[in-house]
Amino acid sequence: MAQLWGGRFTKETDKLVYNFNASISFDQKFYEQDIRGSKAHVAMLARQGILTAEEKDQIEAGLDGILADVRSGKLEITSEYEDIHSFVEANLIDRIGDAGKKLHTGRSRNDQVALDMKLYVRDEIDETDELVKKLLEALQKIMEENVHTYMPGFTHLQKAQPVTLAHHVGAYFEMFVRDRSRLADIRKRMNTCPLGAGALAGTTYPLDREYTAQLLGFDGPTRNSMDSVSDRDYVIELLSAFSTIMMHMSRFCEEIIMWNSNEYRFVEIDDAYSTGSSIMPQKKNPDIAELVRGKTGRVYGALTSILTTMKGIPLAYNKDMQEDKELTFDAIDTVKGCLALFTGMISTMQFNKQNMEASAKNGFTNATDAADYLVNHGVPFRDAHGIVGHSRIRILRLHIQFLDSPHGNSANGKSAPLGTGRNGHGLGPHGCSRPDGKQGFLGSKHVLLVGHFYNGLHMVVALTGQVIEMTQVNLAGNAHAGRNLERRKQGKLGLGEFRPRSGMLHMDIQPGGIFPALQFHRHAGIVGNGQPHVHGFPAEESLLFRNYFHVNLGQGPGRPQKGQQHCKDMFHGIGMLSIVVKRVSGHSARF
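Sequence order sets the numbering: in each chain, residues are counted from 1 along the sequence as written. Since the coordinates come from a predicted model, pLDDT governs what is reported: local features require at least 70, and pairs of side-chain atoms require 80 or more to be given and counted, while whole-chain, interface and lining totals use all residues. With hydrogens and water stripped out, all remaining heavy atoms of the structure feed into the side-chain values.

**So, the overall build of the chain**
Condition: What counts as a helix is a DSSP run of H or I of at least four residues, what counts as a strand is a run of E of at least two, and both are numbered from the N terminus. Exposure categories follow from relative accessible area, calculated using a 1.4 Å probe and restricted to protein chains: below 20% of the type maximum is buried, above 50% is exposed, and the middle band is partly exposed. In this description, contact between two residues means that some pair of their heavy atoms is separated by no more than 4.5 Å. Where accessible areas are quoted, they stem from the Shrake-Rupley method and a 1.4 Å probe; at the residue level, only the protein chains shown are allowed to cover.
In terms of regular secondary structure, the chain is built from 18 helices and 12 strands. Expressed as a percentage of the 591 residues in the chain, the buried residues total 52%. Here the contacts in the chain between residues at least 6 apart in sequence split such that 71% fall between residues at least 24 apart. If you sum the accessible surface of the chain, you get close to 27,500 Å²; carbon and sulfur atoms cover 49% of it.

**Points about the side chain of Asp 111**
What counts is decided by this rule: Positive charge is attributed to Lys and Arg, negative charge to Asp and Glu, and no charge count is given to His or to the chain ends. We count a salt bridge whenever a side-chain nitrogen from Lys or Arg sits within 4 Å of a carboxyl oxygen from Asp or Glu. Whenever two N or O atoms come within 3.5 Å, that pair is a polar contact, provided that in protein one can donate a hydrogen and the other can accept it, and provided that, for residues adjacent in sequence, both atoms are side-chain atoms.
Counting through the fold element by element, Asp 111 comes out in helix H6 (residues 109-145). No salt bridge is formed by the buried Asp 111. Its closest oppositely charged neighbour is Arg 107, at 5.8 Å. Side-chain polar atoms of Asp 111 contact the backbone nitrogen of Ser 108, separated by 2.9 Å. A polar atom in the side chain of Asp 111 sits 3.0 Å from the backbone nitrogen of Gly 198. For Asp 111, the residues in contact, after removing those within four places along its chain, are Pro 194, Leu 195, Gly 196, Ala 197, Gly 198 and Val 229.

**Some points on the packing of aromatic side chains**
How two aromatic rings sit relative to each other is given by the distance of their centres and the angle of their planes. Rules: Here a Phe, Tyr or Trp ring, Trp counted by its six-membered ring, pairs with any other such ring whose centre lies within 6.5 Å, and the pair is stacked when the planes are under 30 degrees apart, edge-to-face when over 60, and tilted otherwise.
In the structure shown here, the tally under the stated rule is 10 aromatic pairs. Between Phe 30 and Phe 329, the aromatic rings sit 5.9 Å apart at their centres with planes inclined by 85°, giving edge-to-face as the arrangement. Remark: Phe 329 occurs in helix H12 (residues 324-348) and Phe 30 occurs in the loop between helix H2 (24-27) and helix H3 (31-47); sequence separation between them is 299 residues. Each ring, one from Tyr 81 and one from Phe 87, has its centre 5.3 Å from the other, and the planes form 85°; the classification is edge-to-face.

**Thoughts on the packing of H3 against helix H4 (residues 53-72)**
Put simply, the rule reads: To get an axis, fit a line to the C-alpha atoms, keeping to the stretch in contact for a helix; angles then go from 0 to 180 degrees between the N-to-C directions. Note on angle classes: values under 35 degrees are labelled roughly parallel, values over 145 roughly antiparallel, values of 65 to 115 roughly perpendicular, and the remainder oblique. Residue classes follow a fixed rule: Ala, Val, Leu, Ile, Met, Phe, Trp, Tyr, Cys and Pro count as nonpolar, while Asp, Glu, Lys and Arg count as charged, and any other residue, Gly among them, counts as polar.
Their axes nearest at 10 Å, the elements H3 and H4 cross at an angle of 170°. Classed by the angle they form, the pair H3 and H4 counts as roughly antiparallel. From H3, Tyr 31, Glu 32, Ile 35, Ser 38, Lys 39, Val 42, Ala 43 and Ala 46 reach across to H4, where they touch Lys 56, Ile 59, Glu 60, Leu 63, Asp 64, Ile 66, Leu 67, Val 70 and Arg 71. Per-class residue counts for the contact of H3 with H4 are 10 nonpolar, 1 polar and 6 charged.

**Examining the side chain of Ser 38**
Positionally, Ser 38 belongs in helix H3. For Ser 38, a relative accessible area of 0% gives the class buried. There is a polar contact of 3.1 Å between the side chain of Ser 38 and the side chain of Arg 107. If sequence neighbours within four positions are ignored, Ser 38 has contacts with Leu 63, Leu 103, Arg 107 and Gln 112.

**Some words on unusual backbone geometry**
A cis amide bond, omega 5°, links Leu 315 with the succeeding residue Ala 316. Relative to the elements of secondary structure, Ala 316 occurs in the loop between helix H11 (287-310) and H12. Despite not being glycine, His 156 shows a phi value in the positive range, around 60°. Position of His 156 relative to the elements: it lies in the loop between strand S1 (150-155) and strand S2 (158-164). Residues other than glycine seldom take positive phi values, yet Leu 157 does so here, at roughly 60°. Its place among the elements puts Leu 157 in the loop between S1 and S2.

**Focus on the pairing of S1**
Put simply, the test is: If DSSP finds at least two bridges between two strands, the strands pair.
Pairing analysis gives 6 bridges linking S1 to S2, with the strands arranged antiparallel. Across the sheet, the residue bridging to Met 151 is Val 163, located in S2. Adjacent in sequence and paired antiparallel, S1 and S2 are bridged by 2 residues, among which His 156 carries a positive phi angle near 60°.

**Section: the nonpolar core**
Side chains that are nonpolar tend, in soluble globular proteins, to be buried together. Put simply, the rule is: Here, the term nonpolar core denotes a set of buried Ala, Val, Leu, Ile, Met, Phe, Trp, Tyr and Cys residues that are joined through side-chain atoms within 4.5 Å.
Residues Phe 87, Met 345 and Ile 346 are the most contacted members of the largest nonpolar core, which totals 94 residues. Among the elements that take part in this core, helix H10 (residues 233-259) stands out by supplying 15 residues, more than any other. Not counting residues up to four positions away in its chain, the partners in contact with Ile 346 are Leu 135, Ala 138, Leu 139, Ile 142 and Ile 256. Counting residues in each nonpolar core, the second largest holds 10 residues, with Phe 364, Ala 370, Leu 374 and Ile 387 among its members.

**Looking at H10**
Test applied: For a helix, the expected span equals 1.5 Å multiplied by the number of residues minus one.
Here H10 contains 27 residues, and its C-alpha end-to-end distance of 39 Å stays within 8% of the 39 Å for a straight helix at 1.5 Å per residue. Most of H10 sits inside the fold, with 21 of its 27 residues counted as buried.

**Observations regarding the pattern of salt bridges**
Applying the stated rule across the entire model yields 26 salt bridges. Taking the shortest distance from any N to any O, the salt bridge between Lys 56 and Glu 60 comes out at 3.3 Å. Of this pair, Lys 56 and Glu 60 both sit in helix H4, 4 residues apart, which is roughly one turn of the helix. Assessed through its relative accessible area of 18%, Glu 60 is described here as buried.

**Side note on the environment of Leu 339**
Secondary-structure assignment places Leu 339 in helix H12. Leu 339 sits 94 residues away from Ile 245 along the chain, and the two C-alpha atoms are 8.8 Å apart. For Leu 339, the contacting residues outside a window of four places in its chain are Thr 128, Leu 131, Val 132, Leu 135, Ile 245 and Met 249.

**A few points about a nonpolar patch on the surface**
Put simply, the test is: Patch construction takes residues with relative accessible area above 30% that form no salt bridge. Like charges are linked within 9 Å, and nonpolar side chains (Val, Leu, Ile, Met, Phe, Trp, Tyr) are linked within 5 Å.
Taken together, Leu 200, Met 226 and Leu 315 make up a surface patch of nonpolar side chains, about 270 Å² in accessible area. Relative to the elements of secondary structure, Leu 200 occurs in the loop between helix H7 (165-190) and helix H8 (209-215).

**Description of the confidence of the model for the chain**
What counts is decided by this rule: The predictor attaches a confidence to each residue, and that confidence, scored 0 to 100, is pLDDT.
Overall, the prediction assigns the chain a mean pLDDT of 73, with 64% of residues at 70 or greater. In the predicted structure, residues 395-591 sits below a pLDDT of 50 and forms 409 contacts with residues beyond four places in sequence or in another chain.

**So, helix H5 (residues 84-96)**
Given 3.6 residues per helical turn, the α-helix brings residues three or four places apart onto the same face. In a regular helix each residue adds 1.5 Å, so 13 residues correspond to 18 Å; H5 covers 18 Å between its end C-alpha atoms and thus fits that length. For H5, the tally of buried residues reaches 10 of 13 residues, placing the bulk of the element in the interior. Looking only at H5, the buried set comprises Ile 84, His 85, Ser 86, Phe 87, Val 88, Glu 89, Ala 90, Asn 91, Leu 92 and Ile 96. Tucked inside the fold, the buried residues of H5 contact H2, H3, H4 and H6. N-cap assignment for H5: the residue whose side-chain oxygen lies 3.2 Å from the backbone N of His 85 is Asp 83. Backbone geometry just downstream of H5 places Gly 97 in the positive-phi region, at approximately 80°.

**Comments concerning the packing of H4 against H5**
For any two helices packed against each other, the geometry is given by the interaxial angle and the distance between the axes. Condition: Handedness of a helix crossing follows the sense of rotation of the near helix relative to the far helix, less than a right angle counterclockwise being left-handed and clockwise being right-handed.
Orientation of H4 relative to H5, taken along the N-to-C sense of each, is 115°, at an axis distance of 9 Å. Note on packing geometry: the crossing formed by H4 with H5 is right-handed. Taking contact as the criterion, the partners of Gln 58, Ile 59, Gly 62, Leu 63, Gly 65, Ile 66, Asp 69 and Val 70 in H4 are, on H5, Phe 87, Val 88, Asn 91, Leu 92, Arg 95 and Ile 96. Tallied by class, residues from the contact of H4 with H5 come to 8 nonpolar, 4 polar and 2 charged.

Right under this line is the structure:
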């Protein structure tokens, strides 16, 4: 049992104690850093005249030989040695004799192990940073290829607003950019050399610590010898940064796991990064994503462990600090492995763009845009919020969708873009039209809510005092189109006004009005004789949000066929029109 400290003791250490105390099983990991530090120390000792040039050359040659033999496998690091420092020094003495015994001059294992750990951590930071960089490049490629891939954005795991895949992935891009900056900060802050601090109070030798730091690529020597040998802040910071990296990967993996499920079908993970089931032949499991998610807790555990270890240690060095290595080495290997596998998985993953876009069209994802549209036409936001929210509730009750219909509205009964109508006219393929004549994606300046309603379509159009900008909706193909369009531009629909009668809202319609059948949307009954007469709800029921009403025109159960046909003629097959009406003053509301 090779021990560097045996001079004071008169008998061998108990075997159990030796094994418990030894660290060779794990600190052999930084044998290269230990030899690199020793060579710099010897060069400094020779420069200061503490060693001769011949001794320096002998020691350096011996260290180079040990390094080469360990790398080639010719020399094995075994449990015969207590730690990596003992291994290197003992083998050096065996090879070059008494000159090797001078290697440890002006140095303690305390500052030696502090140096080795810093060199190792610094090297691993550089390697991890390169892996994060490759991950960012993979994310950048996904973003560039999916600028127009639409998907629902979520809050509380509920559909919130439509976004693009590029935007969604860009959020993770920003996270990993911050991760790189954290790694750079840690590297800069830790880049001081502890060698020369001795056990805790320096040495009596005229060491040139600046020179040693320069040889090893440090910015300079540490400033306090006691802190030099007892500092493990850089390990804590590294494990904290690693925990954050793992947390970011785990969040993305959680989404990939959900997107890969049959319920979402947003992504298809490549076979190379999936596994199957031993009993269920149809299964294709996202095991890599699940393992990254699971190993995140492992890295968290390393951080918690080192914090717990360090919390009660007095100055300066204590043997407790030996516990910093195994958990740090394991965390480093875990993070690097996860980064490499995660990058490969997302680089080969296929996105089901059609499914993503179809999902974005459901769930009222442009309801906020609808509310903003009302605000831009004079409706206070809180009222607009209520109007759109109430419309959503009603549509849900009628089992209709916000933007699309599974049955479409085509003449041959096959699925067709919503709003195209019988003649292929009307609204754009996504239920909207734009003033420039082009088709928009989600929402519109004019159409707020669209969905499937019985045999026709249901549309909500905002009105503020009068019909606004309805000219953008294609009216066509019937004898009344030109006249009705002109009347709409003038705000004249041939309708009267709302006024309270015995606590009820009642609508009078002038003879010849273009809508012979109207009904308040919450009214269950209707006059079935086709006469221009409508009964409404009690005033307190019909006033949706103080100053706004909903009025439905056209098709519905039990409604006069004549009114339904008028509505269809005007709106190319749209048999139902729901209008938000703003109260003008007092108890009256005018279209």
